[in-house]
Amino acid sequence: MQSKLLTAVLLACLAVFGQSKSAWADIMNVNVDGVDPRYRSAFLQAEAFWESRVIAYNPILPASVRAQLTKLQITAVSTAIDGVGGILGSAGPTSVIQFGSTAPGFKQTRGTPIAIARTSQMNFDIADIEDLAANGSLLDVIKHEMAHAMGFGSLWQQNGLLSTINGQLQYTGVNALAKYRTESGNRAARWVPVEQAGGGGTAGSHWDDDDPFFNRRTRSGSSELMIGSIDPGNETKFTSETTWAAMADLWYVVRGINDVGYREPRVSPGGRRKWTGGPPQFLTSTGGGPAGVPEPGSIGLLLALGACGTLVRSRRKS
Ligand SMILES: [Zn+2]
């Protein structure tokens, strides 16, 4: 009797877990109507990539705030940007839910304001997308831009994750810094190195491509997904735990980073999260906000080979 009950409970848990795993880990919708049908599947793959570990908003946010959160709505379009090469894409939030540490019921440790992307747009240069698909780099580029759409780099400032000390940008988010210390072997690191070069759109919204942990091009022909450049078709991209942890710094729950003790809320048969819906009362910025499109925090994010080479060479002189 008892073992039968246990089996039943286990099966029920599996059923619930199975359902919640697919239904719950669905923090965003990506609208690909503006993308050539040939490339749409890559966008859905990129979405599945991020949702494999980014599963929810952090329950540390008070209920009154969580009630305003909906799925992140991302619109992807292919459009003319700057011809072949150069900028391959750009992305960032078009509206942001913002609130401060004074929100009722909110207890946080950082004492900083909060900004969560509500809607975002990703632009891909129509002159480059076919080449990227042909040389196998398209998925990496989409993953990269989608991270900006989720707030990576584009909402760092607004979440108090960046400091400027002696003119140098430093990323100090606790989750990413902890992972960087472990992964890079630099256990004494007090910040994660942030790109300083490349101007608005690249500087301040990527990991530093001069950092040997993030840039392994000369050693293994690979580089981290969230540095500001790519050598399309000629390198492999890897995603560091530091990048996943940076998503945790942006108020997401990330599997393997900050999900210890996290219980996925029940999902209704329709698969909707408990706190989905409701008018966005905390919406303070719609379009033209801290990260409009194309937003200065992440335009020009991915430089093609020529520009990338120039960047690396010119920086090595100094
Ligand atoms: Zn970028």
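Structural data are supplied above this passage.
Conventions used here
- Residues numbered from 1 in each chain as written.
- Predicted model: local features only at pLDDT ≥ 70, side-chain atom pairs only at ≥ 80, totals over all residues.
- Heavy atoms only, no water.
- Helix = DSSP H or I, 4+ residues; strand = E, 2+ residues; numbered from the N terminus.
- Buried < 20%, exposed > 50% of the residue type's maximum accessible area, 1.4 Å probe, protein only.
- Contact = heavy atoms within 4.5 Å.
- Areas by Shrake-Rupley, 256 points an atom, 1.4 Å probe, with all protein chains shown as cover.
- Pairing = 2+ DSSP bridges.
- Core = buried A, V, L, I, M, F, W, Y, C linked by side-chain atoms within 4.5 Å.
- Donors = N, O, S within 2.8 Å, 3.2 Å for Na, K, Ca; no water.
- Salt bridge = Lys/Arg side-chain N within 4 Å of Asp/Glu carboxyl O.
- Expected span 1.5 Å × (residues − 1).
- Axes fitted to C-alpha atoms, helices over the stretch in contact; angles between N-to-C directions.
- Parallel < 35°, antiparallel > 145°, perpendicular 65-115°, else oblique.
- Left-handed = near helix turned anticlockwise from the far one by under 90°.
- Nonpolar A, V, L, I, M, F, W, Y, C, P; charged D, E, K, R; others polar.
- Lys, Arg positive; Asp, Glu negative; His and termini not counted.
- Polar contact = N/O pair within 3.5 Å; in protein donor to acceptor, adjacent residues only side chain to side chain.
- Phe/Tyr/Trp six-rings, centres within 6.5 Å; stacked < 30°, edge-to-face > 60°.
- Lys NZ or Arg CZ within 6 Å of the ring centre and 35° of its normal.

Asks: Outline the overall build of the protein chain, supporting the account with residue identities and numerical values.
Replies: The number of helices and strands found in the protein chain is 9 helices and 13 strands. Across the 318 residues of the protein chain, 52% fall into the buried class. Across the protein chain, contacts joining residues at least 24 apart in sequence account for 73% of those joining residues at least 6 apart. Within the structure as shown, the protein chain displays about 14,000 Å² of accessible surface, and the carbon and sulfur contribution to it stands at 56%.

Asks: Quick rundown of the sheet that holds strand β6 (residues 162-165)? Include the residues and the values.
Replies: Spatial ordering of the open sheet is given by β6-β7-β8, a layout of 3 strands whose pairing is antiparallel. With partners counted over all chains shown, the strands left at the sheet margins are β6 and β8 (192-193), one partner each. Relative to β8, strand β7 (residues 168-171) is paired through 2 bridges, and the arrangement is antiparallel. Counterpart to Tyr171 in the pairing with β8 is Val192.

Asks: For the nonpolar core, give the residues involved together with the corresponding values.
Replies: If you look at the biggest cluster of nonpolar residues, it comprises 68 residues, and the most contacted ones within it are Trp50, Met122, Tyr171, Trp207, Met247 and Tyr252. What Met247 contacts, discounting residues up to four positions off in sequence, is Trp50, Val54, Ala147, Met150, Phe152, Tyr252 and Val254.

Asks: Before we move on, could you go through the coordination of the zinc ion and cite the residues and values that matter?
Replies: Within the protein, the zinc ion binds to His144 (NE2), His148 (NE2) and His206 (NE2); these donor distances fall in the range 1.9 to 2.0 Å. Along the chain, the residues donating to the zinc ion are arranged with the sequence spacing H-x3-H-x57-H. Of this pair, His144 sits in helix α5 (residues 138-149) while His206 sits in the loop between β8 and β9 (215-216), and the two are 62 residues apart along the sequence. Of the two residues examined, His144 and His206, each falls in the buried class.

Asks: An account of the pattern of salt bridges is needed here, citing residue identities and associated values.
Replies: Tallied over the full model, the rule gives 5 salt bridges. Between Asp36 and Arg38 there is a salt bridge whose closest N-O contact spans 3.0 Å. Judged by its relative accessible area of 26%, Asp36 falls in the partly exposed class. Owing to a relative accessible area of 54%, Arg38 belongs among the exposed residues under this scheme.

Asks: Outline the sheet that holds strand β11 (residues 236-238), listing residues and values.
Replies: If you trace the 3 strands from one edge of the open sheet to the other, you get β9-β10-β11, paired in mixed fashion. One side of each edge strand has no neighbouring strand; the edge strands of this open sheet are β9 and β11. Where β9 meets strand β10 (residues 222-224), 2 bridges bridge the pair, whose relative direction is antiparallel. Its bridge partner lying in β10, Arg216 is registered against Ser222.

Asks: Summarise α5; cite the residues concerned and give the values.
Replies: With 12 residues, α5 should reach 16 Å at 1.5 Å per residue; the first-to-last C-alpha distance of 16 Å fits that figure. With respect to burial, α5 is a largely interior element, 11 of its 12 residues being buried. Among the residues making up α5, those that are buried are Leu138, Asp140, Val141, Ile142, Lys143, His144, Glu145, Met146, Ala147, His148 and Ala149. Count one or two residues on from α5 and you reach Gly151, which has phi positive near 120 degrees.

Asks: How would you explain the packing of helix α6 (residues 174-184) against helix α8 (residues 241-249) if you had to name every residue and give the values?
Replies: Where α6 meets α8, the axes come as close as 7 Å, and the angle between the chain directions of the two elements is 165 degrees. As summarised for this structure, α6 and α8 are arranged roughly antiparallel, according to the angle between their axes. Crossing of α6 over α8 shows right-handed handedness. Between α6, through Val174, Asn175, Ala176, Lys179, Tyr180 and Glu183, and α8, the contact on the second element is made entirely by Glu241, Thr242, Ala245, Ala246, Ala248 and Asp249. A per-class count over the contact of α6 with α8 returns 6 nonpolar, 2 polar and 4 charged.

Asks: Account for the side chain of Glu51, naming residues and giving values.
Replies: As for its placement among the helices and strands, Glu51 is situated in helix α2 (residues 40-51). No salt bridge is formed by the buried Glu51; the nearest opposite charge belongs to Lys71, separated by 6.9 Å. Only 2.9 Å separates the side chain of Glu51 from the backbone nitrogen of Met28, close enough to count as a polar contact.

Asks: Just give me the short version of the environment of Leu177, but keep the residues and values in it.
Replies: Along the polypeptide, Leu177 turns up in helix α6. Assessed through its relative accessible area of 8%, Leu177 is described here as buried. Along the sequence, Leu177 and Arg190 sit 13 residues apart, while their C-alpha atoms lie 7.4 Å from each other. The residues touching Leu177, leaving out its near neighbours within four places in the chain, are Ala189, Arg190, Trp191 and Val192.

Asks: Describe the packing of aromatic side chains, naming the residues involved and giving the relevant values.
Replies: Within this structure, the stated rule accounts for 15 aromatic pairs. Arranged with centres 5.6 Å apart and planes meeting at 25 degrees, the rings of Tyr180 and Phe214 form a pair that is stacked. With Tyr180 in helix α6 and Phe214 in the loop between β8 and β9, this pair connects stretches of sequence that are 34 residues apart. Each member of the pair, Tyr180 as well as Phe214, is classed as buried. Joined through ring pairs, the aromatic side chains of Phe152, Trp156, Tyr171, Tyr180, Trp207, Phe213, Phe214 and Phe238 make up one cluster. The cationic tip of Lys143 hangs over the ring face of Phe49; the distance from NZ or CZ to the ring centre is 4.0 Å.

In short, shape yes, function no, at least from these values alone.
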